[in-house]
Amino acid sequence: MKSASIALLALIAGAVPALADSRADRAACTPDVMRLCASQIPNVAAITVCLRQQRPNLSPGCRVVMDQSARPVRSVSNRP
């Protein structure tokens, strides 16, 4: 049972980086993935959609991570 739990956590940790930049971000969202989006594991895209749909139910820390990941990414150009 312990090895199955470790394997599941490793799988989730692999999914959350799609939205999280740091270990702290992954730690903030992993419980929410387990609680709200476990049926989407291991589909990273589906977990991301699920977390966005569940925004009102997210923990405060994961909500911050999701809000940061929803910001548009600025493009940096090397052109003058």
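Residues numbered from 1 in each chain as written. Predicted model: local features only at pLDDT ≥ 70, side-chain atom pairs only at ≥ 80, totals over all residues. Heavy atoms only, no water.

K.L.:
Could you give an account of the overall build of the protein chain, naming the residues involved and the relevant values?
P.N.:
Within the protein chain, the regular secondary structure consists of 4 helices and 0 strands. Moving toward the C terminus, one meets the helices and strands of the protein chain in the order α-α-α-α. In the protein chain, the proportion of contacts linking residues at least 24 apart, taken out of those at least 6 apart, comes to 40%. Element-wise, carbon and sulfur atoms account for 58% of the exposed surface of the protein chain, whose accessible area totals about 5500 Å². (Helix = DSSP H or I, 4+ residues; strand = E, 2+ residues; numbered from the N terminus. Contact = heavy atoms within 4.5 Å. Areas by Shrake-Rupley, 256 points an atom, 1.4 Å probe, with all protein chains shown as cover.)

K.L.:
Got a sec to walk through the environment of methionine 66? Specific residues and values, please.
P.N.:
Along the chain, methionine 66 falls in helix H4 (residues 60–70). Along the backbone, methionine 66 and leucine 51 are 15 residues apart, and their C-alpha atoms lie at a distance of 7.7 Å.

K.L.:
Can you explain the packing of helix H2 (residues 23–36) against H4? Please cite residues and give values.
P.N.:
Relative to each other, H2 and H4 sit at 115°, their axes nearing to 8 Å. Looking at the two axes, H2 sits roughly perpendicular to H4. Crossing of H2 against H4: the hand is left-handed. Residues Asp25, Ala28, Cys29 and Asp32 of H2 form the contact with H4, whose participating residues are Gly61, Cys62, Val65 and Gln68. Looking at the contact of H2 with H4, its residues break down into 4 nonpolar, 2 polar and 2 charged. (Axes fitted to C-alpha atoms, helices over the stretch in contact; angles between N-to-C directions. Parallel < 35°, antiparallel > 145°, perpendicular 65-115°, else oblique. Left-handed = near helix turned anticlockwise from the far one by under 90°. Nonpolar A, V, L, I, M, F, W, Y, C, P; charged D, E, K, R; others polar.)

K.L.:
So, H4: which residues are in play, and what are the values?
P.N.:
Within H4, burial applies to Cys62, Val65 and Met66. Taken down its axis, H4 places every buried residue within 95° of arc, on the same side. Where H4 is buried, its residues contact H2 and helix H3 (44–53). (Buried < 20%, exposed > 50% of the residue type's maximum accessible area, 1.4 Å probe, protein only. Arc of directions from axis to C-beta.)

K.L.:
Give a detailed account of the nonpolar core, specifying residues and quantitative values.
P.N.:
Grouped together as the largest cluster of nonpolar side chains are 11 residues: Cys29, Val33, Cys37, Ile41, Ile47, Cys50, Leu51, Leu58, Cys62, Val65 and Met66. Listed by contribution, the elements that provide at least two residues to this core are H2, H3 and H4. (Core = buried A, V, L, I, M, F, W, Y, C linked by side-chain atoms within 4.5 Å.)

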